[in-house]
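Take a look at the letters that make up each chain.
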Amino acid sequence: MEIRPILSTLARHKMAAALIVLEIALSCAIICNALFIVTQRLETLNLASGMDDDRLVEVALSGIGQQTDADARTAEDLASLRAVAGVERVAISNQLPFQNGSWNTSLSLSAEQEVPTLNATQYMFGEGTLATMGLKLLAGRDFNADEYKSNDELSKIEDVSTLSSAIILSKAAADKMFPEGDAIGKTVYMANIPLTIVGVVDTLLRPNMMGGNRTFSVIFPIRMNFSNGGRYLIRVSDPARRAEVLEQALAALDRNDPNRLVWRKQTYEEGRAKYFANDRDMIGLLLIVSALLLLVTALGIVGLASFWVQQRTKQIGIRRALGATKGQILRYFQTENFLLATIGIIVGMLLAYLLNQWLMGRYELPRLPLLYLPVGAAALWLLGQLAVFGPARRAAAIPPAVATRST
Amino acid sequence: MLGYYLQLALRSFGRNKVLTTLMVVTIGIGIGAAMTTLTLYKVLSGDPIPEKSARLFYPRLEPRTLGRDVSVDPEPMEQLTRFDAEELLRQKRGVRQAMMSAGSVTVLPEGTAAQPFRASSRYTSADFFTMFNAPLRAGRGWSADDDGARARVAVIGSRLAEKLFGDADPVGREIHLSQGVLRVIGGMDEWTLNPRFYDLRNRRFGGGEQGFLPFSTSRDMRLPTQGSMNCWGSSNTDAEGARGLNAPCAWVQYWVELESPGQAADYRKYLADYSDQQRAAGRFERPANVRLDDVMGWLDYNRVVPNDVRMQMWLAFGFLLVCLLNTVGLLLAKFLRRSGEIGVLRALGATRGMVFMQCLVEAALIGLAGGLAGLGLTLLGLWNVRQQPLEYADMVHLDLPMLALTFALAVAATLLAGVLPALRASRIDPALQVKSL
């Protein structure tokens, strides 16, 4: 294919050519970044919480008025929940992954350390929570029965210097504190309270993103009760029966004390879906805009290409009369579009990079992986070829006889 | 002349239906996307209290110890400790000032059949109502003496009043909480600040708080508070725990009204002096680090407009730009297809200016049609936003200025897009065109 005649034709239509190039470039830049944000959000959306999400149901209550013995009522509640048909295990925890707001604390390697080693989210687990959630223990052990303490009792202690506790860390937190992988049995400090690491679990995410991290977690064997922020976590034997179990669980809790307000009752997956509602909207919006951008760009190409074909009808007729085949005419327009698209894509990649730089500065977006550029390029080349095919075929269909007519 | 241009333009639409529709649709989609996101942005970034926003200030102090457990932070704490809030309130250095915290009270309605329910409330001090222009419908707010006496009084919102007392006047009635009884001394009209700037740690948009009572009373009754709390030491020794007067915890919001924005510098100086005094007294350990933001500054610092909304707006305007480029291309094709006709016009004596104007009129008409399509799409887009489970969903409406802007933007954008093609068309050489006819 001769490229020179194409270039000299384009040189005479600088403005139209420049418009197509610019449109492709802008689309390329926006779509690359939009798709990058979409993949980012999808990754977050599909993050593993570390728990068996589809087996869990959560209920949280609060009492009306002063609760005289919330710890005892909580024990009763847990027993009643265990008796509900379809319930495998029951536990109480202060928080769960993918919720707004979290409990956090800092851990240090020594009591005298100036700057703590890491900031981790603070989970407080009652008996059997590890098994209820389905967390994977990588090393060490679960808490022993004598290590659990009541949160209400703990908050009455005035002299905190006597305190100590066993803890379990998430793998990410353990690796950060002990890169050698020998965390079990080591002592770390929360302010000057010594904590002994007895176990490491694979994953247990922080409820929300904080300080750019959502993987550092520390678990304390501290038993909450229903009235000081604890939430019941019910593990069902069959995911299909979650709704039914939830209903019966609420009835059982109501029998224990009808004068309580239920402020959270849902399957864990419903809660998780609500947490990500905004991200899903954003993904939908970005995909729609990307599709519309492609459509508008394609329409632009079709419009200008048709105009060119119409304008050059006579020349095409002459070329056909001089022996050019239909295929050659078709390829002429395809090559022309390919050239324009290529220039557009090169400019577009530069713009995509600049746009990403700007987004990184303003919205804490990571750097655009280079992989997105060839993908975006391929998409726009394909789009260009598809868009130009119709007008090019019409051009190829122009009969040589046109050359003999005066208009 | 303009009438004739319009006539020509309309005739040209008829001749090129597909191309014209394509342009109208493109502009419509672009304008629709841009105006939907712009409206959302405008609603969220609005000034909640325009008559006063430059005179209301939110002070911040740095009360944290130098201890091991705190990392270095250039910004002071976002809220005050109860001690500092009460001390600033006592020293009264502004025209008006109020300390506050959000809370949730459990109301026990009279009659055994009615279920107890929670009402979102604000524990604050006397100046709150005048300072924030709260619309009191009946009765009054409480006085500084009531604050001091921990009076068991409350001002209630219209929705709570209706729920408890129906249409009857709530003033003088009693509200039973599980912790005690409050006497209603004032009733408030529906009051929604968007965003509720005075406390951004809780729900930011829509729905007003329904119970207002003295902060001192809330502590006396040990009512539960809501919002974030940051502690940097143990508060186990305090009978009230983390909410005790001397607890090393920041959880109280504080607002001050100054006579003019110019007094901010003086107040900042006062805060720095206060910090130094507290450090001299041994309460503060870090060097004075104070901030004083007015309402809009505070909203900005707290990123009240979500990043996603900002990003959507940029995206939509990028999209509009592509739509415009597309329109430039299509207009160019449209005008140049008429080269022969334009050549005849020029040969018959039409000036370049006339051809240019005629092209622009045509572009403006397309813009107007695009604006109409864009308006429809904007309304559809905003309706869609309202269907989302967002706390600001109900506020998102197109007002008259935005409606006007939709058309202005559509016409201006299309005119801009039309200038280059129109120039190109007006420079068509008549001789060449007429020869080829």
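**Some thoughts on the overall build of chain B**
The secondary structure content of chain B amounts to 14 helices and 13 strands. A compact globule built from 437 residues would reach a C-alpha radius of gyration of about 22 Å, whereas chain B, at 31 Å, exceeds it by more than 25%. Counting across all 437 residues of chain B, residues that qualify as buried make up 43%. Sequence separation of 24 or more characterises 77% of the internal contacts of chain B that already satisfy a separation of 6 or more.

**Overview of the overall build of chain A**
Counting its secondary structure elements, chain A contains 12 helices and 13 strands. Relative to the globule expectation of 22 Å for 407 residues, the C-alpha radius of gyration of chain A, 32 Å, shows a markedly less compact shape. When its C-alpha atoms are laid out on the principal axes, chain A stretches across 105 × 50 × 35 Å. Scored against the burial criterion, the 407 residues of chain A give a buried share of 39%. A sequence separation of at least 24 residues applies to 85% of the contacts in chain A between residues at least 6 apart.

**Re helix α3 (residues 82-91) of chain B**
R82, D84, A85, E86, L88 and L89 of chain B are the residues of α3 of chain B that are buried. Buried residues belonging to α3 of chain B abut β2 (80-81), β3 (96-107) and β12 (249-257) of chain B.

**Side note on the nonpolar core**
Among the nonpolar cores identified, the biggest contains 162 residues, and I20, C28 and A29 of chain A together with A154 and F319 of chain B are the most heavily contacted of them. Residues A166, M177, V200 and Y268 of chain A belong to the second largest nonpolar core, which totals 58 residues.

**Observations regarding the interface of chain A and chain B**
Across the boundary between the two partners, chain A contributes 41 residues, which contact 38 residues of chain B. Only α2 (14-45) and α9 (277-311) of chain A provide two or more residues apiece to the side of chain A that touches chain B. In terms of residue count, α9 of chain A provides more of the side of chain A that touches chain B than any other element does, 16 residues in total. Residue composition of the side of chain A that touches chain B, grouped by class: 26 nonpolar, 11 polar and 4 charged.

**Re the domain arrangement of chain B**
Interface extent is often summarised as the accessible area lost during association of the parts. Residues and elements named next belong to chain B. You can read the domains of chain B as domain 1 (2-45 + 306-436) and domain 2 (56-301). Computed over C-alpha atoms, the centres of domain 1 and domain 2 are 51 Å apart. Contacts between domain 1 and domain 2 engage 4 residues on the former and 5 residues on the latter. Class assignment for the residues of the side of domain 1 that touches domain 2 results in 2 nonpolar, no polar and 2 charged.

**As for the sheet that holds strand β2 (residues 87-93) of chain A**
All names here are of chain A. The strand order across the open sheet formed by 4 strands is β2-β12-β1-β13, and the pairing between neighbours is antiparallel. At either margin of the open sheet sits one strand with a lone partner, and together these are β2 and β13 (260-267). Strand-to-strand twist in this sheet, taken as the mean axis angle between neighbours without regard to direction, amounts to 20°. Sheet topology places strand β1 (residues 56-63) next to β13; 7 bridges connect them, and they run antiparallel. Within the sheet, the bridge partner assigned to V57 lies in β13 and is T267.

**Looking at the confidence of the model for chain B**
All names here are of chain B. Residues at a pLDDT of 70 or more form 97% of chain B, whose mean pLDDT is 88. Across chain B, the secondary-structure element scoring lowest on mean pLDDT is helix α14 (residues 430-436), at 75, and the one scoring highest is strand β1 (residues 56-60), at 96. Confidence metrics for the complex model read pTM 0.83 and ipTM 0.82.

**Re the packing of α9 of chain A against helix α12 (residues 372-396) of chain A**
All names here are of chain A. Look at α9 against α12: their axes get within 9 Å of each other, and the N-to-C directions meet at 25°. Overall, the two elements α9 and α12 adopt an arrangement that is roughly parallel. In this structure, α9 crosses over α12, and the sense of that crossing is right-handed. Note on element contacts: α12 touches α9 through L383, G384, L386, A387, V388, G390, P391, R394 and A395, opposite L294, T297, A298, I301, V302, A305, S306 and V309. Of the residues contributing to the contact of α9 with α12, the split by class is 12 nonpolar, 4 polar and 1 charged.

**Structural notes on the domain arrangement of chain A**
For chain A, the assigned domains are domain 1 (4-45 + 278-404) and domain 2 (95-223). Each of domain 1 of chain A and domain 2 of chain A has a C-alpha centre, and the two are 54 Å apart.

**Things to note about the pairing of β12 of chain B**
As a general feature of sheets, a regular strand has side chains that alternate between the two faces. All names here are of chain B. With 8 of 9 residues buried, β12 is to be regarded as a mostly interior element. Two strands pair when backbone bridges link them, and β3 and β12 are joined in this way by 5 bridges, in the antiparallel orientation. Bridging from a neighbouring strand, Q97 pairs with V256 of β12. Here strand β11 (residues 230-231) pairs with β12 via 2 bridges, running antiparallel.

**Re the environment of A352 of chain A**
All names here are of chain A. Among the structural elements, A352 can be located in helix α11 (residues 326-363). Separated by 323 residues in sequence, A352 and A29 place their C-alpha atoms 3.8 Å apart. The contacts of A352, once residues within four sequence positions are left out, are C28, A29, C32, N33, L368, L373 and G376.

**Points about the pairing of strand β4 (residues 118-124) of chain A**
Residue and element names in this part refer to chain A. By the criterion of burial, β4 is predominantly enclosed, with 5 of the 7 residues buried. Taken together, the 4 bridges between strand β3 (residues 104-107) and β4 define a ladder with antiparallel strand orientation. The residue bridging S106 from the neighbouring strand is N119, located in β4. Where β4 and strand β10 (residues 217-220) come together, 4 bridges link them in parallel fashion. Residue pairing in the sheet places M124 in a bridge with F220 of β10.

**Examining the packing of α9 of chain A against helix α2 (residues 17-44) of chain B**
In contact at an axis separation of 11 Å, α9 of chain A and α2 of chain B are set at 155° when each is read in the N-to-C sense. Regarding the angle of α9 of chain A to α2 of chain B, the classification is roughly antiparallel. With respect to the hand of their crossing, α9 of chain A and α2 of chain B are arranged in left-handed fashion. Every residue of α2 of chain B that contacts α9 of chain A at V289, L292, V296, L299 and G303 of chain A is listed here: L19, L22, T26, I29 and A33 of chain B. Across the contact of α9 of chain A with α2 of chain B, the residue classes break down as 8 nonpolar, 2 polar and no charged.

**Some thoughts on unusual backbone geometry**
Residue and element names in this part refer to chain B. Residue P195 is bonded to the preceding N194 through a cis peptide linkage, with omega at -5°. Summarising the element assignment, P195 is placed in the loop between β8 (180-188) and β9 (211-214). Of note in the backbone geometry, K92 takes a positive phi value of approximately 45° without being a glycine. Looking at the secondary structure, you find K92 in the loop between α3 and β3. At R150, a position not held by glycine, the phi torsion is positive, near 50°. Positionally, R150 belongs in the loop between α5 (144-148) and β6 (153-156).

**Some thoughts on the environment of D308 of chain B**
Structurally, the position occupied by D308 of chain B is in helix α10 (residues 307-337). The spatial distance from the C-alpha of D308 of chain B to the C-alpha of M99 of chain B is 32 Å, given a sequence separation of 209 residues. With residues up to four places along the chain from it excluded, the contact list for D308 of chain B reads N278 and M282 of chain A.

**Thoughts on the environment of W103 of chain A**
All names here are of chain A. Note on placement: W103 falls in the loop between β2 and β3. Judged by the 16 C-beta atoms lying within 10 Å of it, W103 is partly exposed. It is 8.7 Å that separates the C-alpha atoms of W103 and A120, two residues lying 17 residues apart in sequence.

Calculation notes
- Residues numbered from 1 in each chain as written.
- Chains lettered and ligands numbered in written order.
- Predicted model: local features only at pLDDT ≥ 70, side-chain atom pairs only at ≥ 80, totals over all residues.
- Helix = DSSP H or I, 4+ residues; strand = E, 2+ residues; numbered from the N terminus.
- Rg over C-alpha atoms; globule rule 2.2 N^0.38 Å.
- Buried ≥ 20, exposed ≤ 12 C-beta atoms within 10 Å, placed from the backbone.
- Contact = placed C-beta atoms within 7 Å.
- Core = buried A, V, L, I, M, F, W, Y, C linked by C-beta atoms within 7 Å.
- Nonpolar A, V, L, I, M, F, W, Y, C, P; charged D, E, K, R; others polar.
- Domains from an automatic or database assignment.
- Pairing = 2+ DSSP bridges.
- Axes fitted to C-alpha atoms, helices over the stretch in contact; angles between N-to-C directions.
- pLDDT = per-residue confidence, 0-100.
- Parallel < 35°, antiparallel > 145°, perpendicular 65-115°, else oblique.
- Left-handed = near helix turned anticlockwise from the far one by under 90°.

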